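# Chain and residue survey
Listed below are the residues making up each chain.
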Amino acid sequence: MPFLEKYVTTLGGGFHNGTSVANAWNIVEMFAAVIAPNTRVNIKESHSFVGAGAFQPGTAPTPIVYRGYNAVPGDLDGVRRGQDGLLDISKFPSITFDTPITTSPNVYLQNLYIKSSSATVVFDDAGLTGSFGVINCRVENDFDDGGALTAGLIFCGIHLLLINSDLICSGINHGRIISCGLNCRCVGCYIHGAYPLSGML
(Lines give C-alpha, C1' and ligand atoms only; values in the text may rest on other atoms or scores of the structure.)
Protein backbone atom coordinates (compact mmCIF):
# COMPACT_ATOMS: atom_id res chain seq x y z
CA MET A 1 0.00 0.00 0.00
CA PRO A 2 1.54 3.37 -1.00
CA PHE A 3 2.26 5.88 1.74
CA LEU A 4 0.13 8.97 2.19
CA GLU A 5 2.72 11.71 1.71
CA LYS A 6 2.92 14.78 3.98
CA TYR A 7 5.45 17.65 3.91
CA VAL A 8 7.25 19.88 6.42
CA THR A 9 9.37 22.93 5.55
CA THR A 10 10.63 26.02 7.36
CA LEU A 11 8.36 28.13 5.14
CA GLY A 12 5.35 25.98 5.95
CA GLY A 13 2.65 26.79 8.42
CA GLY A 14 -0.30 29.08 8.59
CA PHE A 15 -3.07 26.50 8.82
CA HIS A 16 -1.74 24.38 5.97
CA ASN A 17 -2.65 20.70 5.77
CA GLY A 18 0.76 19.29 4.85
CA THR A 19 -0.46 17.60 1.68
CA SER A 20 2.10 19.26 -0.63
CA VAL A 21 5.23 21.42 -0.49
CA ALA A 22 3.05 24.44 -1.23
CA ASN A 23 0.80 23.50 1.69
CA ALA A 24 3.52 22.18 3.99
CA TRP A 25 3.36 22.15 7.76
CA ASN A 26 5.99 23.77 9.90
CA ILE A 27 7.60 21.66 12.63
CA VAL A 28 5.19 22.86 15.34
CA GLU A 29 2.18 21.96 13.22
CA MET A 30 3.70 18.55 12.45
CA PHE A 31 3.91 17.64 16.13
CA ALA A 32 0.43 19.02 16.77
CA ALA A 33 -1.22 17.21 13.86
CA VAL A 34 -3.05 13.92 14.03
CA ILE A 35 -1.16 11.79 11.53
CA ALA A 36 -2.76 8.63 10.23
CA PRO A 37 -0.92 5.30 10.05
CA ASN A 38 0.72 4.55 6.69
CA THR A 39 1.86 8.19 6.34
CA ARG A 40 5.33 9.30 5.32
CA VAL A 41 6.21 12.78 6.55
CA ASN A 42 8.84 14.37 4.30
CA ILE A 43 10.92 16.94 6.19
CA LYS A 44 13.03 19.54 4.40
CA GLU A 45 15.61 21.95 5.86
CA SER A 46 16.47 22.34 9.53
CA HIS A 47 14.19 23.05 12.45
CA SER A 48 14.34 23.81 16.15
CA PHE A 49 11.54 22.55 18.36
CA VAL A 50 11.11 23.97 21.87
CA GLY A 51 9.09 22.05 24.41
CA ALA A 52 7.65 18.58 24.69
CA GLY A 53 6.79 16.74 21.50
CA ALA A 54 5.63 13.28 20.55
CA PHE A 55 5.66 11.35 17.32
CA GLN A 56 2.27 10.01 16.27
CA PRO A 57 1.81 6.21 16.47
CA GLY A 58 1.47 3.96 13.47
CA THR A 59 0.48 0.32 13.41
CA ALA A 60 2.60 -2.78 12.79
CA PRO A 61 1.54 -3.21 9.13
CA THR A 62 1.16 0.54 8.48
CA PRO A 63 3.89 2.53 10.29
CA ILE A 64 4.55 6.26 10.17
CA VAL A 65 7.88 7.28 8.64
CA TYR A 66 9.50 10.68 9.23
CA ARG A 67 11.96 11.09 6.34
CA GLY A 68 14.38 13.92 5.65
CA TYR A 69 15.18 15.13 2.14
CA ASN A 70 17.31 17.82 0.49
CA ALA A 71 15.78 18.82 -2.86
CA VAL A 72 13.27 16.08 -3.65
CA PRO A 73 11.91 13.35 -1.35
CA GLY A 74 14.08 10.25 -1.48
CA ASP A 75 17.28 11.97 -2.55
CA LEU A 76 19.06 11.17 0.75
CA ASP A 77 18.09 7.50 0.91
CA GLY A 78 21.44 6.34 -0.52
CA VAL A 79 23.81 8.63 1.39
CA ARG A 80 27.08 6.86 2.15
CA ARG A 81 29.73 7.07 4.82
CA GLY A 82 32.85 9.17 4.43
CA GLN A 83 36.46 8.14 5.00
CA ASP A 84 36.02 8.92 8.69
CA GLY A 85 33.36 6.23 8.91
CA LEU A 86 30.55 8.71 9.62
CA LEU A 87 27.46 9.40 7.55
CA ASP A 88 27.68 12.42 5.30
CA ILE A 89 24.97 14.50 6.96
CA SER A 90 25.87 17.78 5.22
CA LYS A 91 22.51 17.82 3.43
CA PHE A 92 20.43 16.16 6.14
CA PRO A 93 17.66 18.22 7.71
CA SER A 94 18.35 18.65 11.41
CA ILE A 95 15.80 18.81 14.19
CA THR A 96 17.02 20.27 17.47
CA PHE A 97 15.11 19.47 20.65
CA ASP A 98 15.46 20.99 24.11
CA THR A 99 13.57 18.23 25.99
CA PRO A 100 13.22 14.47 25.55
CA ILE A 101 10.87 13.49 22.74
CA THR A 102 8.32 10.76 23.40
CA THR A 103 8.44 8.00 20.84
CA SER A 104 5.37 6.11 19.72
CA PRO A 105 4.75 2.56 18.51
CA ASN A 106 5.57 1.72 14.90
CA VAL A 107 7.42 4.90 14.06
CA TYR A 108 10.58 5.10 11.94
CA LEU A 109 12.97 8.03 11.48
CA GLN A 110 15.01 8.22 8.28
CA ASN A 111 17.65 10.60 6.86
CA LEU A 112 17.55 13.05 9.78
CA TYR A 113 20.08 14.67 12.09
CA ILE A 114 18.47 14.69 15.53
CA LYS A 115 20.23 16.94 18.06
CA SER A 116 19.60 17.50 21.74
CA SER A 117 21.17 18.87 24.89
CA SER A 118 19.12 16.79 27.28
CA ALA A 119 20.10 15.68 30.80
CA THR A 120 17.99 12.54 30.40
CA VAL A 121 17.55 10.98 26.95
CA VAL A 122 16.81 12.20 23.42
CA PHE A 123 14.05 9.64 22.82
CA ASP A 124 11.94 8.23 25.64
CA ASP A 125 9.56 5.41 24.82
CA ALA A 126 7.19 6.07 27.76
CA GLY A 127 6.00 2.47 27.80
CA LEU A 128 6.37 1.76 24.10
CA THR A 129 4.62 -1.45 23.02
CA GLY A 130 5.49 -1.42 19.30
CA SER A 131 8.63 -0.97 17.29
CA PHE A 132 10.72 2.19 16.99
CA GLY A 133 13.34 2.53 14.28
CA VAL A 134 16.21 4.87 13.41
CA ILE A 135 17.42 4.40 9.83
CA ASN A 136 20.24 6.32 8.14
CA CYS A 137 20.22 9.04 10.81
CA ARG A 138 22.56 10.76 13.20
CA VAL A 139 21.28 11.11 16.76
CA GLU A 140 23.45 13.18 19.08
CA ASN A 141 23.25 14.41 22.67
CA ASP A 142 25.91 16.95 23.59
CA PHE A 143 24.74 17.67 27.15
CA ASP A 144 27.86 18.11 29.26
CA ASP A 145 27.43 18.07 33.02
CA GLY A 146 29.14 16.11 35.75
CA GLY A 147 25.81 15.36 37.39
CA ALA A 148 24.07 14.04 34.28
CA LEU A 149 24.85 10.38 34.86
CA THR A 150 21.63 9.15 33.26
CA ALA A 151 21.99 11.03 30.00
CA GLY A 152 21.97 9.10 26.75
CA LEU A 153 20.20 8.77 23.44
CA ILE A 154 17.42 6.20 23.38
CA PHE A 155 15.36 4.51 26.09
CA CYS A 156 13.17 1.83 24.56
CA GLY A 157 11.21 -0.97 26.18
CA ILE A 158 10.98 -3.43 23.28
CA HIS A 159 11.56 -3.71 19.53
CA LEU A 160 14.26 -1.13 18.78
CA LEU A 161 15.65 -1.14 15.22
CA LEU A 162 18.87 0.75 14.43
CA ILE A 163 20.17 0.64 10.84
CA ASN A 164 23.16 2.48 9.34
CA SER A 165 22.99 5.32 11.86
CA ASP A 166 25.47 7.36 13.91
CA LEU A 167 24.54 7.31 17.60
CA ILE A 168 26.71 9.75 19.50
CA CYS A 169 26.88 11.00 23.09
CA SER A 170 29.42 13.79 22.72
CA GLY A 171 28.95 15.21 26.22
CA ILE A 172 30.76 13.66 29.18
CA ASN A 173 29.34 11.71 32.12
CA HIS A 174 26.50 10.11 30.22
CA GLY A 175 25.00 6.82 31.26
CA ARG A 176 24.14 4.10 28.78
CA ILE A 177 23.89 5.41 25.24
CA ILE A 178 21.08 3.02 24.34
CA SER A 179 18.79 1.17 26.72
CA CYS A 180 16.43 -1.48 25.34
CA GLY A 181 14.65 -4.07 27.44
CA LEU A 182 13.97 -6.61 24.70
CA ASN A 183 14.72 -7.23 21.02
CA CYS A 184 17.22 -4.57 19.96
CA ARG A 185 18.58 -4.98 16.43
CA CYS A 186 21.54 -2.87 15.41
CA VAL A 187 23.03 -3.16 11.91
CA GLY A 188 25.86 -1.11 10.42
CA CYS A 189 25.82 1.65 13.06
CA TYR A 190 28.53 3.84 14.55
CA ILE A 191 28.07 4.17 18.33
CA HIS A 192 30.24 6.58 20.30
CA GLY A 193 30.28 7.87 23.86
CA ALA A 194 32.66 10.35 25.45
CA TYR A 195 34.71 9.32 28.48
CA PRO A 196 34.08 8.99 31.38
CA LEU A 197 31.13 6.78 32.33
CA SER A 198 29.58 6.31 28.90
CA GLY A 199 28.40 2.76 28.35
CA MET A 200 27.05 1.54 25.05
CA LEU A 201 24.01 -0.67 25.58
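Calculation criteria
- Residues numbered from 1 in each chain as written.
- Predicted model: local features only at pLDDT ≥ 70, side-chain atom pairs only at ≥ 80, totals over all residues.
- Heavy atoms only, no water.
- Helix = DSSP H or I, 4+ residues; strand = E, 2+ residues; numbered from the N terminus.
- Buried < 20%, exposed > 50% of the residue type's maximum accessible area, 1.4 Å probe, protein only.
- Salt bridge = Lys/Arg side-chain N within 4 Å of Asp/Glu carboxyl O.
- Pairing = 2+ DSSP bridges.
- Axes fitted to C-alpha atoms, helices over the stretch in contact; angles between N-to-C directions.
- Phe/Tyr/Trp six-rings, centres within 6.5 Å; stacked < 30°, edge-to-face > 60°.
- Polar contact = N/O pair within 3.5 Å; in protein donor to acceptor, adjacent residues only side chain to side chain.
- Contact = heavy atoms within 4.5 Å.
- Disulfide = S-S within 2.5 Å.
- pLDDT = per-residue confidence, 0-100.
- Core = buried A, V, L, I, M, F, W, Y, C linked by side-chain atoms within 4.5 Å.

For the rest of this paragraph, the subject is unusual backbone geometry. In this model, Asn111 sits at a positive phi of 60°, which is unusual for a non-glycine residue. By secondary structure assignment, the location of Asn111 is in the loop between strand 7 (107-110) and strand 8 (113-116). Owing to a relative accessible area of 0%, Asn111 belongs among the buried residues under this scheme. Phi angles above zero are rare outside glycine, and Asn136 is one such case at about 55°.

What the rule picks out here adds up to four salt bridges. Here Asp77 ties to Arg67 by a salt bridge, and the two come within 3.4 Å at their closest N and O atoms. Here the residue Asp77 occupies a position in the loop between strand 4 (64-69) and strand 5 (94-97), and Arg67 occupies one in strand 4, the gap between them amounting to ten residues. On the basis of relative accessibility, which here comes to 7%, the residue Arg67 falls in the buried class. Here the salt bridges share partners, and the residues they tie into one network are Arg81, Arg138 and Asp166.

Spatially, the six strands line up as an open sheet ordered 3-5-8-11-13-15, and their pairing is parallel. Since the sheet does not close on itself, it has two edges, and those belong to strand 3 (47-49) and strand 15 (190-193), each with one partner. Sheet twist, expressed as the average angle between the axes of neighbouring strands with direction ignored, equals 10°. Sheet topology note: the strand 13 (residues 166-169)/strand 15 ladder contains four bridges and is parallel. Among the inter-strand pairings, Asp166 is bridged to a residue of strand 15, identified as Tyr190.

This part takes up the packing of aromatic side chains. By the definition in use, this model includes three aromatic pairs. Their ring planes at 55° and their centres at 5.4 Å tell us that Phe31 and Phe55 sit as a pair that is tilted. Taken together, the positions of Phe31 in helix 1 (residues 27-32) and Phe55 in the loop between strand 3 and strand 4 put the pair 24 residues apart, joining distant regions of the chain. Both residues of the pair, Phe31 and Phe55, belong to the buried class.

Relative to the assigned elements, Thr62 resides in the loop between strand 3 and strand 4. You can call Thr62 buried: its relative accessible area is 18%. Of the polar contacts made by the side chain of Thr62, one reaches the side chain of Thr59; its length is 2.3 Å. Setting aside chain neighbours within four positions, we find Thr62 in contact with Pro37 and Asn38.

According to the stated counting rule, one finds zero disulfides in the structure shown. Free of any disulfide, Cys186 has its nearest cysteine sulfur in Cys189, 3.7 Å distant.

Our next topic: the environment of Cys169. In this structure, Cys169 sits in strand 13. Given a relative accessible area of 0%, Cys169 falls into the buried group. Separated by 53 residues in the primary sequence, Cys169 and Ser116 have C-alpha atoms spaced 9.9 Å apart.

Taken residue by residue, the chain gives an average pLDDT of 82. The fraction at 70 or more is 82%. For the chain, the element scoring lowest by mean pLDDT is strand 3, at 73; strand 4 scores highest, at 96.

So, about the nonpolar core. Within the largest apolar cluster, 35 residues are counted, with the highest numbers of intra-cluster contacts made by Met30, Tyr66, Leu109 and Phe123. Taken together, the elements giving at least two residues each to this core come down to helix 1, strand 2 (39-44), strand 4, strand 5, strand 7, strand 10 (132-135), strand 12 (154-163) and strand 13. By residue number, the principal contributor to this core is strand 12, which donates four residues. When neighbours within four sequence positions are excluded, Met30 is seen to be in contact with Val8, Trp25, Ile35, Val41, Ile43 and Tyr66. Ranked by size, the runner-up nonpolar core spans six residues in total, among them Leu76, Val79, Ile89 and Phe92.

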